[in-house]
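Analysis of the macromolecular model
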Amino acid sequence: MSEMLRLDGVCKSYPMDEERVQVLRKVSLAVEAGEFVSIPGASGSGKSTLMNIIGCMDSADEGSYRLEGEDVFALDPRQLAALRNRKIGFIFQRYHLLPQYDVLQNVMMPLLVRGVPHGEAERLAREELAAMGLQERLKHRPNQLSGGQQQRVATGRALMGRPALLLADEPTGALDAATGREILGLFRQLNRQGHTILQITHDLTVASAAGRILHLRDGVLTSQ
Ligand code: ADP
Ligand code: MG
């Protein structure tokens, strides 16, 4: 197996009144390509802060981060944005679909941002949406879909351009239990097909869908 990502001694704090709140404390984490890892943690434990750093959307105070061997903290903002677009697919609790665009346009978007020609982007998006069982919904707007369908569209969008890593932040948090299980089933299927998935959640049942579970407590990451 090859290494997908490695964090070593990552610390992050935020200013608060006169002091700083320490949110991540020397977090070290290695994920192999092809793994499905869950990180459950209570609200406020630092999950989203950690995801934002792994997702190249935020910097750390200390430590190092390699994504497929690349030294992420050495990159400038433009290089970071390019790396994020090329290597990472995001799935969020509230889907973050663009309400003014239909399903097909939403899924094409990451490829258009990358400069893929329109016809090619449309072909790939149609293919992905058919694989998600959404071929009958291409012209629907997000608000015309159920929560589970919206999360499928968001997952299809995250998969566009074949990112190395799928990051999911509370992906079932807005869904009822049965629909949440369906989305976790989809993640397990994607993982069997070879996708590397890192998921954070406050819910231990949701976390247990993964092949490996780590725990985040008050900014400290442990294997139990
Ligand atoms: P979780 O996702 O596990 O609920 P977060 O990573 O969002 O936790 O937040 C962890 C802690 O960091 C919380 O105490 C939160 O108040 C604090 N925090 C998060 N973002 C900021 C910020 N931009 N400025 C100040 N404090 C923040
Ligand atoms: Mg959070």
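Because the structure is a prediction, the values reported are computed rather than measured. (Residues numbered from 1 in each chain as written. Chains lettered and ligands numbered in written order. Predicted model: local features only at pLDDT ≥ 70, side-chain atom pairs only at ≥ 80, totals over all residues. Heavy atoms only, no water.)

1. A closer look at the overall build of the protein
So the rule is basically this: Secondary structure counts use DSSP, requiring at least four H or I residues in a row for a helix and at least two E residues in a row for a strand, with both numbered from the N terminus. We compute the radius of gyration from the C-alpha atoms alone; for a globule the expected value is 2.2 Å times N to the 0.38, where N is the number of residues. Relative accessibility thresholds used throughout: buried, under 20% of the residue-type maximum; exposed, over 50%; partly exposed, between the two (1.4 Å probe, protein chains only).
When helices and strands are counted, the protein shows 7 helices and 11 strands. Computed over its C-alpha atoms, the radius of gyration of the protein comes to 17 Å, within 12% of the 17 Å expected for a compact globule of 224 residues. Across its three principal directions, the C-alpha atoms of the protein cover 50 × 40 × 40 Å. Here the protein holds 224 residues, and the buried ones make up 48% of them.

2. Description of the side chain of E128
Selection criterion: Charged-residue counts in this description rest on Lys and Arg as positive and Asp and Glu as negative, His and the chain ends being excluded. Just to be clear on terms, a salt bridge is a Lys or Arg side-chain nitrogen sitting within 4 Å of an Asp or Glu carboxyl oxygen. Should any heavy atoms of two residues lie within 4.5 Å, those residues are counted as being in contact.
Residue placement: E128 occurs in helix α4 (residues 118–131). The buried charged residue E128 lacks any salt bridge, with R162 as its nearest oppositely charged partner at 5.5 Å. Every residue in contact with E128, bar those within four places of it in the chain, is listed here: G156, L159 and M160.

3. Here's the deal with the site of ligand 1
For the record, the criterion: Throughout this document, a residue counts as near a molecule or strand when at least one of its heavy atoms sits within 4 Å of that molecule or strand. For the purposes of these results, a polar contact is taken to be a pair of N or O atoms within 3.5 Å, where, inside protein, one atom must be able to donate a hydrogen and its partner to accept one; residues adjacent in sequence count only when each atom of the pair is a side-chain atom. In short, Shrake-Rupley with a 1.4 Å probe defines the accessible areas, and a residue's cover is counted only from the protein chains shown.
Lining the immediate surroundings of ligand 1 are Y14, V23, A42, S43, G44, S45, G46, K47, S48 and T49. Here G46 contributes a backbone N or O atom positioned 3.1 Å from an oxygen atom of ligand 1. Contacts to ligand 1 include T49, whose side-chain N or O atom sits 2.6 Å from an oxygen atom. When ligand 1 is considered free in solution it has 560 Å² of accessible area, and contact with the protein chains removes 59% of it. No other element matches helix α1 (residues 47–54), which puts 3 residues into the shell around ligand 1.

4. Re the packing of aromatic side chains
The criterion, for reference: Put simply, two rings from Phe, Tyr or Trp (the six-membered ring, in Trp's case) pair if the centres are within 6.5 Å, and we call them stacked under 30 degrees between planes, edge-to-face over 60, tilted for the rest.
All chains considered together, the criterion is met by 2 aromatic pairs. Look at Y65 and F73: their rings are 6.0 Å apart centre to centre, the planes differ by 70 degrees, and that puts the pair in the edge-to-face class. Residue F73 is classed as partly exposed on the basis of its relative accessible area of 29%. Arranged with centres 5.7 Å apart and planes meeting at 10 degrees, the rings of F90 and F92 form a pair that is stacked. Using a relative accessible area of 17% as the deciding quantity, one classes F90 as buried. With a relative accessible area of 22%, F92 lands in the partly exposed category.

5. Let's talk about the environment of V31
Within the secondary structure, V31 sits in strand β2 (residues 19–32). Residue V31 is classed as buried on the basis of its relative accessible area of 1%. Along the backbone, V31 and S45 are 14 residues apart, and their C-alpha atoms lie at a distance of 20 Å.

6. Considering the side chain of D169
Mapped onto the fold, D169 is located in strand β7 (residues 165–169). One buried charged side chain, D169, makes no salt bridge at all; its nearest oppositely charged neighbour is K47, positioned 6.8 Å away. Separated by 3.1 Å, the side chains of D169 and S48 make a polar contact. Dropping the residues within four chain positions of it, D169 is found in contact with S48, M51, I91, F92, Q93 and I200.

7. Here's the deal with the sheet that holds β2
Going by this rule: Paired strands are those between which DSSP finds at least two bridges. Note on definitions: angles span 0 to 180 degrees between N-to-C directions of axes, and those axes are lines fitted to C-alpha atoms, for helices only across the stretch in contact.
On the basis of which strands lie adjacent, the open sheet formed by 4 strands has the order β2-β1-β4-β5 and antiparallel pairing. Each edge of the sheet is formed by a strand with only one pairing partner; in this case those strands are β2 and β5 (70–71). Examined bridge by bridge, strand β1 (residues 3–16) and β2 share 10 bridges and lie antiparallel to one another. Each residue of the ladder has a partner; that of K12, found in β2, is L24. Contacts from α1 reach β1, β2 and β4 (62–67), with the element oriented near 125 degrees to β1.

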